[in-house]
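Fold and contact review
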Amino acid sequence: MKLLASYLKPFAPRMLLGLVIKVGGTMAELLLPMILSHVLKVVVARQDIYAILRWGGIMILCALLAVIMNIIANRMATRVSCNFSRAVRHDLFRRTLHLSAAQTDRFTIPSLESRITTDTYNVHQFVGMAQRMGVRAPILLVGGVCITLFMDRHLAAVMLALMPVVFLLIFFISRKGVPLFTQVQSSVDNMIRVVREDTQGIRVIKALSKQDYEHRRYDAVNRALVRSELRARTVMSLLHPVMNILMNGGIVAVVSLAAFRVSGGTSDPETVIAFMQYFTQISMALMTVNRMFTMYTKCAASARRIAEVLQTPEDLTVRGTDEFPNRVADAHIEFDHVNFSYLGRKNNLDDISFSLSKGGWLGIIGATGSGKSTLVKLLLRFYDVDSGAVRISGRDVRTIPKDELYGMFGTAMQFDFLYSDTVEENIKFGRDLTHEQVVDAAITAQAHDFISAFSDGYEHTLSQKATNISGGQKQRLLIARAVAAAPDILVLDDSSSALDYKTDAALRQALARRMKDTTVVTVAQRVSSVKNCDLILVMDEGRIIGAGDHEHLLATCAEYAEISQSQMGGAFVE
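The following refers to the structure shown. (Residues numbered from 1 in each chain as written. Predicted model: local features only at pLDDT ≥ 70, side-chain atom pairs only at ≥ 80, totals over all residues. Heavy atoms only, no water.)

Details of the nonpolar core
- Counting residues in hydrophobic clusters, the biggest one holds 45 residues, and the most contacted among them are Phe275, Ile282 and Leu286.
- Elements with a minimum of two residues in this core: α5 (109–151), α6 (153–200), α8 (211–237), α9 (239–263) and α10 (269–310).
- Considering every element that reaches this core, the biggest residue donor is α6, with 16 residues.
- In this structure, Ala412, Phe454, Leu499 and Val530 belong to the second largest nonpolar core, which totals 43 residues. (Core = buried A, V, L, I, M, F, W, Y, C linked by side-chain atoms within 4.5 Å. Buried < 20%, exposed > 50% of the residue type's maximum accessible area, 1.4 Å probe, protein only. Helix = DSSP H or I, 4+ residues; strand = E, 2+ residues; numbered from the N terminus.)

Here we look at the side chain of Asn70
- Relative to the helices and strands, Asn70 is located in helix α3 (residues 49–97).
- In contact with Asn70, other than residues within four places in its own chain, are Lys22, Gly25, Thr26, Glu29, Leu65 and Arg136. (Contact = heavy atoms within 4.5 Å.)

So, helix α11 (residues 372–379)
- Counting buried positions over the eight residues of α11 gives six, a clear majority of the element.
- The complete set of buried residues in α11 reads Lys372, Thr374, Leu375, Val376, Leu378 and Leu379.
- A positive phi of about 55 degrees marks Arg381, the residue just after α11.

Concerning the packing of aromatic side chains
- Taken as a whole and judged by the stated rule, the model has ten aromatic pairs.
- A centroid spacing of 4.8 Å and a plane angle of 15 degrees characterise the contact between Phe335 and Phe354, whose relative ring orientation is stacked. Of the two residues, Phe335 sits in strand β1 (residues 331–340) while Phe354 sits in strand β2 (residues 349–357), which places them 19 residues apart along the sequence. Taken as a pair, Phe335 and Phe354 share a single burial class, namely buried.
- Taking 5.5 Å as the distance between ring centres and 55 degrees as the angle between the ring planes, the aromatic pair formed by Phe340 and Tyr383 counts as tilted. Separated by 43 residues along the polypeptide, Phe340 in strand β1 and Tyr383 in the loop between α11 and β4 (387–392) bring together distant segments of the chain. The exposure classification of Phe340 matches that of Tyr383, with both residues buried.
- Above the ring of Phe107, the side-chain terminus of Arg106 is found at 5.1 Å from the ring centroid. (Phe/Tyr/Trp six-rings, centres within 6.5 Å; stacked < 30°, edge-to-face > 60°. Lys NZ or Arg CZ within 6 Å of the ring centre and 35° of its normal.)

A closer look at a nonpolar patch on the surface
- A cluster of nonpolar side chains, namely Ile60, Leu64, Val67, Ile68, Ile71 and Ile72, defines an oily patch on the protein surface of about 550 Å² accessible area.
- Structurally, Ile71 can be placed in helix α3. (Patch = residues over 30% accessible without salt bridge, like charges linked within 9 Å, V, L, I, M, F, W, Y side chains within 5 Å. Areas by Shrake-Rupley, 256 points an atom, 1.4 Å probe, with all protein chains shown as cover. Salt bridge = Lys/Arg side-chain N within 4 Å of Asp/Glu carboxyl O.)

A word on the sheet that holds strand β8 (residues 519–524)
- Overall, mixed pairing links the six strands, which are arranged β6-β7-β8-β3-β9-β10 in an open sheet. Every other strand in the sheet has two partners, leaving β6 (409–413) and β10 (543–548) as the edge strands with one partner each. On average, adjacent strands in this sheet sit at an angle of 15 degrees to one another, irrespective of strand direction.
- Sheet strands touched by α11: β3 (361–366), β6, β7 (489–493), β8 and β9 (535–540). Its angle to β8, the strand with the most contacts, is close to 150 degrees. (Pairing = 2+ DSSP bridges. Axes fitted to C-alpha atoms, helices over the stretch in contact; angles between N-to-C directions.)

Digging into the pairing of β7
- By the criterion of burial, β7 is predominantly enclosed, with five of the five residues buried.
- Where burial is concerned, the two faces of β7 agree: the one with Ile489, Val491 and Asp493 and the one with Leu490 and Leu492 are both buried.
- Here β6 runs beside β7; their pairing, made up of five bridges, is parallel. Paired with Thr411 across the strands is Val491, a residue of β7.

Looking at the packing of α3 against α5
- Where α3 meets α5, the closest approach of the two axes is 9 Å, and the angle between their N-to-C directions is 155 degrees. What the angle tells us is that α3 and α5 run roughly antiparallel. Handedness of the crossing formed by α3 with α5: right-handed. (Parallel < 35°, antiparallel > 145°, perpendicular 65-115°, else oblique. Left-handed = near helix turned anticlockwise from the far one by under 90°.)

Some thoughts on the sheet that holds β1
- Reading across from one edge, β2-β1-β4-β5 is the order of the four strands in this open sheet, with antiparallel pairing throughout. Every interior strand has two partners, whereas the edge strands, β2 and β5 (395–396), have only one.
- Two strands pair when backbone bridges link them, and β4 and β5 are joined in this way by two bridges, in the antiparallel orientation. Paired with Arg391 across the two strands is Asp396, which belongs to β5.
- Along the sheet, α11 contacts β1, β2 and β4; its crossing angle with β1, the most-contacted strand, is approximately 115 degrees.

And the structure:
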């Protein structure tokens, strides 16, 4: 909560002004029962119609002031809470984008989504209510008690006796509520995860007729969420009926004592009428405090989850050249005895060493899970190596500032994304590229012909997740995006798997012809995509079991020769 409080500091002047206005409106509201008591006790006894009208006008004025000032303060509170939550969401989203791959893995994507949406909403709701009711309720409570003590301290003593019980009840139940609502948000994470998986895989689900299976899977996490919510709500809902019992019991005690005192001549009906109105205000204030503490428990749980992300330190910091000195090297890309493990138990990459000259082509091939994509992730510094070094032009990637490092790369992944916008904007991807650069990239990626076939060409709008084009067309747009800015290093991570052999071959030829100074790293499942590379690495269980060009590997690496023979029978599309 301390971190979130820092987000409210810029709004302190507006909140202070709203507080003053809210106090004024609440004080006007507090005067009404006292004025009514005075009218009934003094003014009516005089039978002065003008005095009655005058005091009645004062009551109307107080009521109008209370309404107007409360409306103004509430509108100001709403604006503050909206701007506050916008700032929190903005920074939370920014921090989410800058989390390292390892940190994202730890939080999980569904959890990050629910923190940006559900958790920020819970915090927003509490901040708004705290400004609207967090001022009014305490003033009504404290002010009402003070006025009733002045009017009749014996009747007020009944209410004062209830206060410690009520506040202790709120305190202990709220302490149990925070961890329970934390569990609720974890259940929300799980439900979002299943929904996200099912929406992304809806075509496969329908193709395999697994709608009922996925419905049961969703129902399981939905029921878990209901159970968590029910536990939390059951605990928190105890407050309302218990407080009702206490307050109704207090009303009975006050009425009984008031009747005894009126009959004994130590009090009067007018005072009792005003007192009952104050007692109603105090009761409503206590119920509001109860509701606020219920919302606070949700807010506190959500605030902790938000703070976890915002306060997560950057783990892939730029290191100094004194720790990882530069080396004079002819190689553009170099892996030097690299070892890496995702979980720290078994190496996913084991003693990887190779080098590639500027403008060279590197092909990486191997079975699923052999470590091909992991090697690319280390090159892009999505993760840091456990030992060894990854260097670009003799510089350890750990010493290169992120903007400079990522500016060297153009990357196309197999499961990369396209968003709902024009073809041209998807290729530009927020970069300051000309239309000619976009067209040139599309020609290189073998995408220009199908783009031109659209009636609106490069202004053709893609649907969400680009479902209105084929898989091969998606991949060609992704490759066009990667080559558009003429990167120093082009990484194609299984990004041509949906292309036919002829188009794939034409793509390789276009890249070789139009990007001569670019170093190309190709991760592929088929030999035809890597056969013309200067260096081909054959991966198996995180190790390099073969390295060299195509002819060398056919002669020296049985696994590579077997893959080549099984895929193409020795023949390749040139």
